[in-house]
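# Results of the structural survey
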Amino acid sequence: MVNSEFVRMLEDAGIPDADFDVRCMTEQITGNRFAPELHPEQRNQMLDMVQRRMQGEPLQYILGEWEFYGLRIFVGKGVLIPRPDTEILVDTVLDWCKGKSGLKVLDLCTGSGCIALALKKHLPDADVSAVDTSETALTYARKNAEYHHLDIEIHHADVLDKHFAKQFHDYDVIVSNPPYLTGQEMQELQTEVRHEPAIALLGGSDEDGTYFYRKITSIWKDAIKTGGLLAYEIGWKQAERVSELLNSHAFRQIQVIQDYEQRDRVVTGEKI
Ligand code: GLN
């Protein structure tokens, strides 16, 4: 079976971008995107990958890795796949950090560790810590940190645990991409996203998906030093609520930054 037949299998199963997916799988197996021939062993591997993809499993889980901010990030079942939109959050934080050194940075709900690692890569002298409640996610975060030789401190804890938060002081930056989808949005997820952990997606039981912003802001604000930055990724309809929330918790210079599709995606504020 040649590659075009795998493409057809995916197309027949209604998978968009079948050609792209097959190229990525071919590269993963052979090291070459355009490998003309596959050995029998490679064909079996390919068939296995194609069948998983036909079931709607995300390409990123099948490949076991995805790129984020120029870094290879290992992913798999149980960890959120890094999204291109989240690179805007990293850009925003790095812009703010320009010209500053020796910063203390904390990433809450780190998942695969992609944000913390991208920040550490570009701020080598920063002290970067990351927290997540999912041990599965953290096995990926540790693997990713090790692979890139990036020295970040990883904590297995619930970001909603006030006692845990009390140990953290004097942070220059707290960054987070918490779960923020609404119950309604969870009902409407695309098949691929349904394979991802709900714990990383659902923003609480309230209607607007802002539970984690409210909790994290009140629990962690004391860990940020005066003039320090709080930076959140948000759902595109949440900018107003999250901005008001930051304002009500004594953050100023509140800014909303848009993603590549001109939708509100990041909210930041500085602690007064
Ligand atoms: N942006 C993700 C999605 O649309 C949601 C990520 C999150 O909840 N933090 O699936």
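What comes next is a walk through the structure. (Residues numbered from 1 in each chain as written. Predicted model: local features only at pLDDT ≥ 70, side-chain atom pairs only at ≥ 80, totals over all residues. Heavy atoms only, no water.)

This part covers the overall build of the chain. Along its length, the chain carries twelve helices and nine strands. For the chain, the C-alpha radius of gyration of 20 Å lies close to 19 Å, the compact-globule estimate for 272 residues. With the C-alpha coordinates of the chain rotated into their principal frame, the extents come out at 65 × 40 × 35 Å. Of all 272 residues assigned to the chain, the portion counted as buried reaches 53%. A separation of at least 24 residues holds for 62% of the contacts in the chain among residues at least 6 apart in sequence. Surface accessibility of the chain: about 13,200 Å² in total, with carbon and sulfur atoms responsible for 47%. Averaged over its 29 positive side-chain charges, the chain has a centre that lies 4 Å from the centre of its 44 negative ones. (Helix = DSSP H or I, 4+ residues; strand = E, 2+ residues; numbered from the N terminus. Rg over C-alpha atoms; globule rule 2.2 N^0.38 Å. Buried < 20%, exposed > 50% of the residue type's maximum accessible area, 1.4 Å probe, protein only. Contact = heavy atoms within 4.5 Å. Areas by Shrake-Rupley, 256 points an atom, 1.4 Å probe, with all protein chains shown as cover. Lys, Arg positive; Asp, Glu negative; His and termini not counted. Charge placed at Lys NZ, Arg CZ, Asp CG, Glu CD.)

Attention now goes to unusual backbone geometry. For Cys109, which is not a glycine, the phi torsion comes out positive at approximately 65°. Positionally, Cys109 belongs in the loop between strand S3 (104-108) and helix H6 (114-122).

The next subject is the packing of aromatic side chains. With the rule as written, the count across this model stands at eight aromatic pairs. Seen from their ring centres, Tyr211 and Phe212 are 5.5 Å apart, and the 85° between their planes marks the pair as edge-to-face. Judged by its relative accessible area of 29%, Tyr211 is partly exposed. Between Tyr213 and Tyr232, the aromatic rings sit 4.9 Å apart at their centres with planes inclined by 75°, giving edge-to-face as the arrangement. (Phe/Tyr/Trp six-rings, centres within 6.5 Å; stacked < 30°, edge-to-face > 60°.)

Okay, the side chain of Ser129 next. By secondary structure assignment, the location of Ser129 is in strand S4 (residues 127-132). Of the residues examined, Ser129 reaches a relative accessible area of 2% and is grouped as buried. Residues in contact with Ser129, not counting those within four places in the same chain, are Val105, Leu106, Asp107, Glu153, His155 and Tyr171.

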